[in-house]
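Fold and geometry: a report
Chain by chain, the residues run as shown.
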There are 2 protein chains.
Amino acid sequence: MLAFEEYLKEKGLKITNQRLLVAQKIFSSHNHFTAEGLLDELKDNKDRISKATIYRILAIMVEAGLLEEHDFGKDYKYYEHIIGHEHHDHIICMQCGRIVEFIDERIEELQNKAASENGFTITGHSLNIFGNCLNFATCEHKNKK
Amino acid sequence: MLAFEEYLKEKGLKITNQRLLVAQKIFSSHNHFTAEGLLDELKDNKDRISKATIYRILAIMVEAGLLEEHDFGKDYKYYEHIIGHEHHDHIICMQCGRIVEFIDERIEELQNKAASENGFTITGHSLNIFGNCLNFATCEHKNKK
DNA sequence: GTTTGTGCAAATCATTTGCACCGCG
DNA sequence: CGCGGTGCAAATGATTTGCACAAAC
């Protein structure tokens, strides 16, 4: 059973077609997506779903710890599911929008060190590297959502 | 003369009271501020300045490379001037909003390494650590802008 | 049957923009 | 003067919300 379904039951929330639809879509792959993009992908589906509902479901999933919200410098948010995915940081191509994940334990450690040296207890962090990937396959289309 | 004034002349832009006022305010200290906050601080000034003008001036300063725009996870932007300030990253207290700057050359290097290993040319990066500072002096007021 | 969820359209909120007037150069 | 700059109010665009209806339990 989907982890999201479990969460809904736990919390006494209802299991609706829309919620299952969104969950299936999101957990079927590991992409970085936007609310708008998700809406588009579900548009042609038999079960219509509204933008408001998308946002409401995404909020629940973030609350549930199943989804992570990212700010990549655009004026809309990106999401990615984190089931079966270790924490990682991102490199974003400013040309084509391609997003590459990476993780460097040494950076993680140095961040922890920086925080504690300054008297902070870490609750989270966000490290985004912006650049150009010059990847033939993807970098031809600019400003993909 | 203010660096901003030089920039304006260079570009053939006009030197107005509003522009000087904003520049003096911003460069008189090194704080992280918001457009709204800046407007408040300049409200009681003899020369009134409108919100639209604030935004327009901030955009010019960012373009001029005198100001940096930050996204700290709120729904409004933070700015800081970078004259005489080396690049640095930020630690933000989620309780009181206090912002501490730090720099770790090892992290910088590891970022460059991660980018090039993934075939990216770096154009910029943003590293924000979120946490709690538990600082008596500041951490009593929550959600400061 | 209740209570919670959904769709729609209207509301929000930071930021941007159109336009008529103002002031720097 | 002439054109860029400013203020105001209206526009924008992502996200949120109120409300009446629909669906889950």
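Here the structure is shown first, and the text comes after it.
So, a few notes on the structure that sits alongside this text. Predicted, not measured: the structure shown is a model, and the values here were computed from it. (Residues numbered from 1 in each chain as written. Chains lettered and ligands numbered in written order. Predicted model: local features only at pLDDT ≥ 70, side-chain atom pairs only at ≥ 80, totals over all residues. Heavy atoms only, no water.)

Here's the deal with the sheet that holds strand β3 (residues 89-93) of chain A
What links the strands of a sheet is backbone hydrogen bonding, and the strands pair in either a parallel or an antiparallel sense. In space, the six strands of this open sheet follow the order β4(A)-β3(A)-β5(A)-β5(B)-β3(B)-β4(B), with mixed pairing throughout. Every other strand in the sheet has two partners, leaving β4 (99-102) of chain A together with β4 (99-102) of chain B as the edge strands with one partner each. Across the sheet, the axes of successive neighbouring strands diverge by a mean angle of 20°, strand direction being ignored. With four bridges joining them, strand β3 (residues 89-93) of chain B and strand β5 (residues 121-132) of chain B adopt parallel strand pairing. Each bridged residue has a counterpart across the sheet, and for C93 of chain B the counterpart in β5 of chain B is G131 of chain B. Packed onto the sheet, helix α5 (residues 105-117) of chain A meets β3, β4 and β5 (121-132) of chain A together with β3, β4 and β5 of chain B and runs at close to 130° relative to β5 of chain A. (Pairing = 2+ DSSP bridges. Helix = DSSP H or I, 4+ residues; strand = E, 2+ residues; numbered from the N terminus. Axes fitted to C-alpha atoms, helices over the stretch in contact; angles between N-to-C directions. Contact = heavy atoms within 4.5 Å.)

Concerning the relation of the copies chain B and chain A
Two copies of one chain are present, and they are related through a rotation about an axis combined with an axial shift. It takes a turn of 180° to lay chain B on chain A, together with a shift of 0.0 Å along the axis; the resulting RMSD is 0.1 Å. Here the copies are linked by what is in effect a two-fold axis. Ranked by how close their C-alpha atoms come to the rotation axis, the residues of chain B are headed by L127 of chain B, at 2.2 Å. Here 100% of the contact residues of chain B are again contact residues in chain A; the copies associate through an equivalent surface. (Least-squares fit on C-alpha atoms with pLDDT ≥ 70 in both.)

Some points on the protein's contact with DNA strand D
The environment of DNA strand D is formed by 21 residues, the closest being Y55 of chain A together with T16, R19, T53 and R56 of chain B. Here the atoms of DNA strand D within 4 Å of the protein split so that 70% fall in sugar or phosphate, with bases taking the remainder. At 2.7 Å from a phosphate oxygen of DNA strand D is found a side-chain nitrogen or oxygen belonging to T16 of chain B. Ranked by the residues each element gives to the surface near DNA strand D, the list is headed by helix α4 (residues 51-63) of chain A, at four residues. In the surface near DNA strand D, the residues fall into seven nonpolar, four polar and ten charged. (Near = heavy atom within 4 Å. Polar contact = N/O pair within 3.5 Å; in protein donor to acceptor, adjacent residues only side chain to side chain. Nonpolar A, V, L, I, M, F, W, Y, C, P; charged D, E, K, R; others polar.)

Notes on the pattern of salt bridges
All names here are of chain A. Under the definition given, this model contains ten salt bridges over all chains. R106 is the partner of D104 in a salt bridge, and the nearest nitrogen-oxygen pair spans 3.0 Å. The salt bridge partner of E117 is K113, with a shortest N-O separation of 3.1 Å. Of the two residues, E117 and K113 both sit in helix α5, four residues apart, roughly one turn of that helix. Residue class for E117 comes out exposed when judged on its relative accessible area of 58%. (Salt bridge = Lys/Arg side-chain N within 4 Å of Asp/Glu carboxyl O. Buried < 20%, exposed > 50% of the residue type's maximum accessible area, 1.4 Å probe, protein only.)

Brief notes about the packing of helix α1 (residues 3-10) of chain A against α4 of chain A
Residues and elements named next belong to chain A. Two elements in contact, α1 and α4, have axes separated by 11 Å at closest approach and are oriented at 85°. Regarding the angle of α1 to α4, the classification is roughly perpendicular. On α4, the residues touching F4, Y7 and L8 of α1 are I57, I60, M61 and E63. Split by residue class, the contact of α1 with α4 holds six nonpolar, no polar and one charged. (Parallel < 35°, antiparallel > 145°, perpendicular 65-115°, else oblique.)

What about the interface of chain B and chain A?
In many analyses, interface size is given as the accessible surface area lost on bringing the parts together. Taken together, the contact between chain B and chain A spans 33 residues of the former and 33 residues of the latter. Interface area, chain B with chain A, both sides summed: about 2600 Å², of which 63% is carbon and sulfur. Its largest share of buried area at the contact with chain A, chain B owes to L110, F120 and I129 of chain B, together 22% of the area lost on that side. At the boundary of chain B with chain A, the tally comes to eight residue pairs in polar contact (both at pLDDT 80 or more). For the side of chain B that touches chain A, the secondary-structure elements that each account for two or more residues are β3, β4, α5 (105-117) and β5 of chain B. The greatest single-element share of the side of chain B that touches chain A, amounting to twelve residues, is contributed by β5 of chain B. (Buried area = accessible area lost by both parts, 1.4 Å probe.)

Notes on the protein's contact with DNA strand C
The environment of DNA strand C is made up of 21 residues, and the closest members are K14, T16, T53 and R56 of chain A together with Y55 of chain B. Within the contact set of DNA strand C, a base nitrogen lies 2.7 Å away from a side-chain nitrogen or oxygen of R56 of chain A. Residue Y55 of chain B places a side-chain N or O atom 2.3 Å away from a phosphate oxygen belonging to DNA strand C. Within the surface near DNA strand C, the residues separate by chemical class into seven nonpolar, four polar and ten charged.

Topic: the layout of surface pockets
Of the voids in this model, the largest pocket is the one considered here, and its volume is about 1400 Å³. In this structure, the largest pocket is lined by 45 residues; those nearest its centre are D71, F72, G73 and N128 of chain A together with D71 of chain B. Of all elements in the fold, only β1 (67-70), β3 and β5 of chain A together with β1 (67-70), β3 and β5 of chain B reach the threshold of two or more residues within the lining of the largest pocket. The residue makeup of the lining of the largest pocket, split by class, is eleven nonpolar, 20 polar and 14 charged. (1 Å grid on protein atoms, 1.4 Å probe; cavity = no way out; pocket = protein on both sides within 12 Å on 5 of 7 lines; lining within 4 Å. Points joined across faces, edges and corners; volume = space filled by probe spheres on them.)

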